[in-house]
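# Analysis of the macromolecular model
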Amino acid sequence: MLTSDEPMTQNHKLRILVCVSGGGTNLQAIIDGIRDGRITNAEIIRVISNNKKNYALTRAEENGIPALSISPKDYADREQFNKALLDAVNEASPDLVVLAGFLVVLPEEMTAQYRNRMINIHPALIPSFCGKGYYGLKVHEKVLERGVKITGATVHFVDEGTDTGPIILQKAVEVEDGDTPEILQKRVMEQAEWVILPEAIDLIANGKVTVEDGKCRKDRKS
Ligand code: GAR
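The following paragraphs examine the structure supplied in this document. (Residues numbered from 1 in each chain as written. Predicted model: local features only at pLDDT ≥ 70, side-chain atom pairs only at ≥ 80, totals over all residues. Heavy atoms only, no water.)

### Concerning the overall build of the chain
Summing up its helical and strand segments, the chain has six helices and nine strands in all. A compact globule built from 222 residues would reach a C-alpha radius of gyration of about 17 Å, and the chain, at 17 Å, matches this within 12%. C-alpha atoms of the chain, sized along the principal axes, occupy 45 × 45 × 35 Å. Split into buried and exposed, the 222 residues of the chain put 49% on the buried side. When the 27 basic and 32 acidic side-chain charges of the chain are each reduced to a single mean position, those positions are 2 Å apart. (Helix = DSSP H or I, 4+ residues; strand = E, 2+ residues; numbered from the N terminus. Rg over C-alpha atoms; globule rule 2.2 N^0.38 Å. Buried < 20%, exposed > 50% of the residue type's maximum accessible area, 1.4 Å probe, protein only. Lys, Arg positive; Asp, Glu negative; His and termini not counted. Charge placed at Lys NZ, Arg CZ, Asp CG, Glu CD.)

### Remarks on the packing of helix α1 (residues 25-36) against helix α6 (residues 181-205)
Where α1 contacts α6, the axes come no closer than 9 Å and their chain directions differ by 50 degrees. The orientation of α1 relative to α6 falls into the category oblique. Between α1 and α6 lies a crossing whose hand is right-handed. Along its contact with α1, which presents Thr25, Asn26, Ala29 and Ile30, the element α6 presents Met189, Glu193, Trp194, Leu197, Pro198 and Ile201. (Axes fitted to C-alpha atoms, helices over the stretch in contact; angles between N-to-C directions. Parallel < 35°, antiparallel > 145°, perpendicular 65-115°, else oblique. Left-handed = near helix turned anticlockwise from the far one by under 90°. Contact = heavy atoms within 4.5 Å.)

### Let's talk about the side chain of Ser71
Mapped onto the elements, Ser71 comes out in the loop between β3 (67-69) and α3 (78-91). Not counting the four nearest positions on each side in its chain, Ser71 is found in contact with Asn50 and Phe81.

### Overview of the site of the ligand
Neighbouring the ligand are 14 residues; Gly24, Thr25, Asn26, Gly136 and Glu193 lie closest to it. In this structure, an oxygen atom belonging to the ligand sits 3.3 Å away from a main-chain N or O atom of Gly23. Taken by itself the ligand offers 450 Å² of open surface, and the protein chains cover 91% of this. Contributions of two or more residues to the shell around the ligand are made by α1, β5 (118-122) and α6. (Near = heavy atom within 4 Å. Polar contact = N/O pair within 3.5 Å; in protein donor to acceptor, adjacent residues only side chain to side chain. Areas by Shrake-Rupley, 256 points an atom, 1.4 Å probe, with all protein chains shown as cover.)

### Quick word on the nonpolar core
Core analysis: the biggest nonpolar cluster contains 42 residues, and Val18, Val98, Ile119, Ile168 and Ile201 have the highest contact counts within it. Considering every element that reaches this core, the biggest residue donor is α6, with 10 residues. Look past the residues within four positions of Ile119 in its chain and what remains in contact with it is Leu96, Val97, Val98, Leu99, Val155, His156, Phe157, Val158, Ile168, Leu197, Ile201 and Ile204. (Core = buried A, V, L, I, M, F, W, Y, C linked by side-chain atoms within 4.5 Å.)

### Points about α1
Residues three or four positions apart in an α-helix share a direction because the helix packs 3.6 residues into each turn. Given a rise of 1.5 Å per residue, 12 residues ought to cover 16 Å, and the 16 Å separating the end C-alpha atoms of α1 matches this to within 8%. All of the buried residues in α1 are Asn26, Leu27, Gln28, Ala29, Ile30, Ile31 and Gly33. Considering only its buried residues, α1 is in contact with β1 (14-20), β2 (42-49), α2 (55-62), β4 (96-99), β5 and α6. With its phi angle positive at about 90 degrees, Gly37 sits one or two positions after the end of α1. (Expected span 1.5 Å × (residues − 1).)

### Concerning the sheet that holds β3
Within a sheet, neighbouring strands are paired by backbone hydrogen bonds and run either parallel or antiparallel to one another. Reading across the sheet, the seven strands line up as β3-β2-β1-β4-β5-β6-β7 and stay open at both edges, with mixed pairing between neighbours. The open sheet has two edge strands with one neighbour each: β3 and β7 (167-174). Taken over all neighbouring pairs, the strand axes of this sheet differ in orientation by 20 degrees on average, direction set aside. The pairing of β1 with β2 spans seven bridges and is parallel. If you follow Cys19 over to β2, its bridge partner there is Ile48. With respect to the sheet, α3 is in contact with β1, β2, β3 and β4, its orientation differing from that of β2 by roughly 160 degrees. (Pairing = 2+ DSSP bridges.)

Printed below as a string of structure tokens:
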């Protein structure tokens, strides 16, 4: 558990492991953030995908990042998949695990082991439009169904619940007349997700995020 006098890392580059299930645009935002200096003091050491055919794996490959896929389909049962996943995470010795559109129910052991060292990007302003069943495009469908005028994205630490951990950063995005789920998803990604995910990682990599009483405190000063 991090405390205010215990920054996550100071002397070495933060070793990031990114877990993905889809196209990997948030993975790309991290890669770009490291390349253009919005993220300092960090490196991606491994990408793990839960399926073999997603474009995120190509992005990893093109950027020289070791990547592997661990699919539930390749294991006899959930227990064996969970073990393989956790082994593959631990083997890389990450300082921070980033769930960048990783649509997998995590092994409890992984959540416990990476408490305050695992973050997730969610495409809405938690606690709205989150929890079980709220992922990917479905989130934006629900937002449009309800008719809210403001949505956004949230980066949070992962705990045992679904989207319930300490919130690190949020950014609001306007819903516009005529939006479809796809149009809104794109705007939320461009204006919020690809901005706050790199920013949160940079804050963590530079020891500027602490968790106290289930809430994040951040120091943006250098
Ligand atoms: C992103 O919109 C991310 O916020 C969402 O999945 C998408 C992945 O896109 N995650 C969730 O809904 C988690 N509850 P990407 O593969 O292009 O980064």
